[in-house]
Amino acid sequence: MPAAVPDTPATSDRTAAVPVPARDAPFEEHVAWARSVPVVGLDLAPVEGRVVEDPLPWDYAALARELVASGRGPVLDLGTGGGELLSTLAPFPAGSAATEGRPSNLPVARRRLEPLGVDVRPVESDDDEQLLPFFDGQFAVVLDRHEEFDPDEVLRVLEPGGVFLTEQADSRDGVRLSTALGAPLPWDPDSVTLGAAVEVLRDAGFVVDVAREHEGLRRFRDLSSVLWYLRLVAWQVPDLASLSPEAVARYEAPLRALHLHLAAGHEFVDEAPRFLVVARKPF
């Protein structure tokens with residue numbers, strides 16, 4: 001499934017020394033730019049203004065900030081990435097924590113979050129289980145923005161009356177781009193939907209208070225932003241994510257076709273559907 005799809009640019013100066021190629025610059029210049037600009041956490045700043053998503057009808061950050069500041073108790077953030085969003089919600093209740101499954105993101109998240117009193121822990125998936133390294137009832141709030149979750153585990157670590165806030169990417173996210181590249185989808189495009197999420201949460205024992213969805217779009221404006229984005233969301237086209245010469249050669253024909261389309265001043269438009277759920281553990 002599409003996991004941890006980022007959609008909030010963070011401040012960064014990493015592109016300052018690497019000029020962005022013009023839309024109609026040679027194919028090789030776009031590849032070189034996408035290879036040279038580092039991927040740090042889930043920071044979209046290097047492609048800000050060139051990868052653009054429709055605005056959401058809700059404000060996840062504001063909802064999360066309200067829960068953090070509510071005085072309910074410790075907060076857990078699932079799939080924190082580099083801690084880009086979570087760090088903006090400080091100060092945190094004592095005992096707050098975050099998880100991250102991508103090893104390269106862990107040191108970034110720890111540098112950003114540990115000074116704020118947030119314990120950052122690695123997690124690994126075990127088949128269909130997303131085991132969380134925490135005690136039963138340890139948290140008053142669990143936050144999850146675009147991270148796969150196990151509803152039974154979330155229920156377990158929440159205290160009675162605890163709140164689970166999640167924004168998820170519907171599994172149709174990215175399908176058009178993968179199809180245009182002739183890349184196989186590593187997930188079922190019908191597997192992650194609002195209806196399915198509500199069903200599994202209720203089956204686990206949650207009371208669902210809010211369930212909303214949004215049919216959004218994502219627009220790419222040049223080839224270098226497409227390639228860099230595919231490095232960031234490495235799970236979308238895994239055998240292209242490295243941008244190695246072999247990987248680029250494997251997809252060269254569709255990439256060059258996409259470059260011609262973008263260089264002519266057109267955009268590539270992909271689906272970026274989202275849904276939001278607020279659920280609580282009964283007393």
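Bear in mind that the values here come from a model prediction, so they are computed numbers and not experimental data. (Residues numbered from 1 in each chain as written. Predicted model: local features only at pLDDT ≥ 70, side-chain atom pairs only at ≥ 80, totals over all residues. Heavy atoms only, no water.)

Attention shifts here to the environment of Ala183. Tracing the chain through its elements places Ala183 in the loop between α5 (175-180) and α6 (194-204). Residue classification places Ala183 among the buried residues on the basis of a relative accessible area of 10%. Among all residues touching Ala183, those that are not within four sequence positions of it are Ser178, Val237 and Tyr251. (Helix = DSSP H or I, 4+ residues; strand = E, 2+ residues; numbered from the N terminus. Buried < 20%, exposed > 50% of the residue type's maximum accessible area, 1.4 Å probe, protein only. Contact = heavy atoms within 4.5 Å.)

In sheet architecture, strand pairing relies on hydrogen bonds along the backbone and comes in two forms, parallel and antiparallel. In spatial order, the strands read β1-β8-β9; together these three strands make up an open sheet with antiparallel pairing. Strands at the two margins of the open sheet, each flanked by one partner only, are β1 (51-53) and β9 (268-271). Strand-to-strand twist in this sheet, taken as the mean axis angle between neighbours without regard to direction, amounts to 25 degrees. In the sheet, β1 pairs with strand β8 (residues 217-220) via three bridges, with the strands oriented antiparallel. From the neighbouring strand, Val51 faces β8, where its bridge partner is Phe220. Contacts from helix α7 (residues 223-232) reach β1 and β8, with the element oriented near 125 degrees to β8. (Pairing = 2+ DSSP bridges. Axes fitted to C-alpha atoms, helices over the stretch in contact; angles between N-to-C directions.)

Looking now at the sheet that holds strand β6 (residues 158-169). Spatially, seven strands are ordered β4-β3-β2-β5-β6-β10-β7 in an open sheet, and the strand pairing comes out mixed. Looking along the sheet, the strands with just one partner apiece sit at the ends: β4 (119-122) and β7 (207-214). With direction set aside, neighbouring strand axes in the sheet form an average angle of 15 degrees. The sheet contact formed by strand β5 (residues 139-145) and β6 spans six bridges and is parallel. By the bridge assignment for β6, Arg145 is matched with Glu167. Strands β3 (97-100) and β4 of the sheet are contacted by helix α3 (residues 106-113), whose axis makes an angle of about 170 degrees with β4.

The next point concerns the domain arrangement of the protein chain. Each domain of the protein chain was delimited in the assignment, giving domain 1 (27-54 + 218-271) and domain 2 (60-172 + 188-217 + 272-281). Taken over C-alpha atoms, the centre of domain 1 sits 28 Å from the centre of domain 2. Counting residues at the interface gives 16 residues for domain 1 and 13 residues for domain 2. Here domain 1 and domain 2 share two salt bridges between them. Where domain 1 touches domain 2, the interface holds four residue pairs in polar contact (both at pLDDT 80 or more). Residue assignment for the side of domain 1 that touches domain 2 shows that the elements contributing at least two residues are β1, β8, α7 and β9. With three residues, the single largest contributor to the side of domain 1 that touches domain 2 is β9. (Domains from an automatic or database assignment. Salt bridge = Lys/Arg side-chain N within 4 Å of Asp/Glu carboxyl O. Polar contact = N/O pair within 3.5 Å; in protein donor to acceptor, adjacent residues only side chain to side chain.)

The description of an aromatic ring pair uses the distance of the two centres, along with the angle that the planes make with each other. Applying the stated rule across the entire model yields four aromatic pairs. Arranged with centres 5.0 Å apart and planes meeting at 70 degrees, the rings of Phe149 and Phe164 form a pair that is edge-to-face. Of this pair, Phe149 sits in the loop between β5 and α4 (151-157) while Phe164 is found in strand β6, placing the two residues 15 residues apart along the sequence. Since its relative accessible area comes to 16%, Phe149 is described here as buried. Through successive ring pairs, a cluster of aromatic residues spans Phe149, Phe164 and Phe206. (Phe/Tyr/Trp six-rings, centres within 6.5 Å; stacked < 30°, edge-to-face > 60°.)

Next up on the list: the side chain of Ser87. Residue placement: Ser87 occurs in the loop between β2 (75-78) and β3. Of the polar contacts made by the side chain of Ser87, one reaches the backbone oxygen of Gly83; its length is 3.0 Å. In terms of polar contacts, Ser87 uses its side chain to reach the backbone carbonyl oxygen of Glu84, at 3.1 Å. For Ser87, the residues in contact, after removing those within four places along its chain, are Arg112, Leu113 and Leu116.

What follows is about the side chain of Ser225. Note that Ser225 resides in helix α7. In this structure Ser225 comes out as buried when scored by relative accessible area, which is 0%. The contacts of Ser225, once residues within four sequence positions are left out, are Val47, Arg50, Val51 and Phe220.

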